[in-house]
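Each chain, written out:
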Amino acid sequence: MTKAIRIHETGGPEVLSWEEIEVGDPGQGQVRLRQSACGLNYIDVYGRSGMYPVGDLPAVIGMEASGVVEAVGGGVDGLVTGDRVAYPMTLGSYAEARLIDADKVIKIPHAISDETAAAMMLKGLTAHYLLFRTYPVKAGDSILVYAAAGGVGLILCQWANQLGANVIGCVGSEEKAQLARDHGCHHTILYRDEDIPSRVREITAGVGVAAAYDSIGKATFEKSLDSLRPFGVLATYGNASGPVDPFSPQILAGKGSLYVTRPTLATHISTRELLEEGAQRLFSAVESGQVRISINQTLPLADCAEAHRQLEARETTGSTVLKI
Ligand SMILES: NC(=O)c1ccc[n+]([C@@H]2O[C@H](COP(=O)([O-])OP(=O)(O)OC[C@H]3O[C@@H](n4cnc5c(N)ncnc54)[C@H](OP(=O)(O)O)[C@@H]3O)[C@@H](O)[C@H]2O)c1
């Protein structure tokens, strides 16, 4: 008997239902995983609420987990029964067991636990592409990180600090500000009360930041543009406050020949080469201690409605793991 969290309709956390599912045997190119932990990600809220498509209903949602290979289908190289693996960004993770294409999973190094792997793959690979590909951060750059005490945020702050950046973090409370500072953030802005562009100008001696990594979306888009230096890059990579409204590219000229991009991890792991490059860099950063993965909430997978409620209410910090 296998249980999973499914939705039969989109909506609030109450649509998340713990029920029995059939898993079956792996087909060509697939493996079956016996999972031990799922990562909770904001994208799970978008899928549950209907903002992002999740395919035919009922559907098992969730995008990230770790576990053990328990059956291997035909044509799979490099994976055997008993391998510990994890994966990001593959719908259907909120389950005790699942089938998955073998090329989506990555073996977990010995030094990294299943819980840590589930807490870091999607968020860590996102931090990786933002800092190394979207705007490659250089020592001495000032950068702006939103939700700096959140799951992606705490990883971004630590990694950017290690790269030599001057890290400015936007946070929703004093407690979150302290946490962000403990994870490499040099300056914090309490953005519920303080004006972001003026504080950024104050901190950067009037220059502005080289890059703004904005996961808030609608509520902060213009503030991010107004915080950039000339030729600065806005990576608007999330919608916690709703999707950004349509805008004219002309405004980018007036504000200093700016760049705006709307990246997604899906593109950044769309080939095996891209996925492995990101995963190896992430594992090295974690194994060397450059990046610590903070699991600040752990709940049983069956209680994930409560985990969704906490995430949307801005009550969580760092990563949340749903234990199986
Ligand atoms: N494009 C991609 O490839 C990609 C990949 C992964 C994640 N993301 C995005 O990155 C963001 C962070 O994801 P995460 O899973 O690590 O979540 P998270 O940052 O741990 O949680 C969301 C945080 O956003 C802040 N927030 C600001 N306004 C909010 C609002 N109206 N409603 C809810 N939260 C609000 C809150 O922090 P404060 O209280 O400090 O404001 C909250 O704790 C999400 O927007 C997600 O969609 C994008």
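Residues numbered from 1 in each chain as written. Predicted model: local features only at pLDDT ≥ 70, side-chain atom pairs only at ≥ 80, totals over all residues. Heavy atoms only, no water.

*Asks:* What exactly am I supposed to notice about the environment of G140 here?
*Replies:* Mapping G140 onto the fold places it in the loop between α2 (114–134) and β9 (142–145). Along the chain, G140 and N166 lie 26 residues apart, while their C-alpha atoms are 6.3 Å from each other. Filtering out sequence-adjacent residues up to four positions away, G140 remains in contact with G164 and A165. (Helix = DSSP H or I, 4+ residues; strand = E, 2+ residues; numbered from the N terminus. Contact = heavy atoms within 4.5 Å.)

*Asks:* Could you clarify how one ought to interpret the site of the ligand in this entry?
*Replies:* With respect to spatial proximity, 29 residues lie near the ligand, and among them Y129, K176, Y191, L265 and R314 are the closest. Interatomic distance of 2.4 Å between a side-chain N/O atom of Y191 and an oxygen atom of the ligand. Here an oxygen atom of the ligand and a side-chain polar atom of R314 are 2.8 Å apart. Out of a free accessible area of 910 Å², the ligand has 92% covered by protein chains. Placement of the ligand is best described as lying within the largest pocket. Of all elements in the fold, only α1 (42–49), α2, α3 (151–162) and α10 (304–312) reach the threshold of two or more residues within the shell around the ligand. With three residues, α2 is the single largest residue contributor to the shell around the ligand. Classifying every residue of the shell around the ligand gives 14 nonpolar, 11 polar and four charged. Viewed by domain, the shell around the ligand spans two of them, domain 1 (2–120 + 294–323) and domain 2 (139–262), each represented by three or more residues. (Near = heavy atom within 4 Å. Polar contact = N/O pair within 3.5 Å; in protein donor to acceptor, adjacent residues only side chain to side chain. Areas by Shrake-Rupley, 256 points an atom, 1.4 Å probe, with all protein chains shown as cover. 1 Å grid on protein atoms, 1.4 Å probe; cavity = no way out; pocket = protein on both sides within 12 Å on 5 of 7 lines; lining within 4 Å. Sits in = over half its atoms within 2 Å of the grid points. Nonpolar A, V, L, I, M, F, W, Y, C, P; charged D, E, K, R; others polar. Domains from an automatic or database assignment.)

*Asks:* Sorry if this is basic, but what is going on with the pattern of salt bridges here?
*Replies:* Counted by the stated rule, this structure contains 18 salt bridges. Of the charged contacts in the structure, one is a salt bridge between D25 and R32, with a shortest N-O distance of 3.0 Å. Among the residues examined, R32 registers a relative accessible area of 17% and is labelled buried. Taken together, the shared-partner salt bridges in this structure form one network comprising D25, R32, R34 and E70. (Salt bridge = Lys/Arg side-chain N within 4 Å of Asp/Glu carboxyl O. Buried < 20%, exposed > 50% of the residue type's maximum accessible area, 1.4 Å probe, protein only.)

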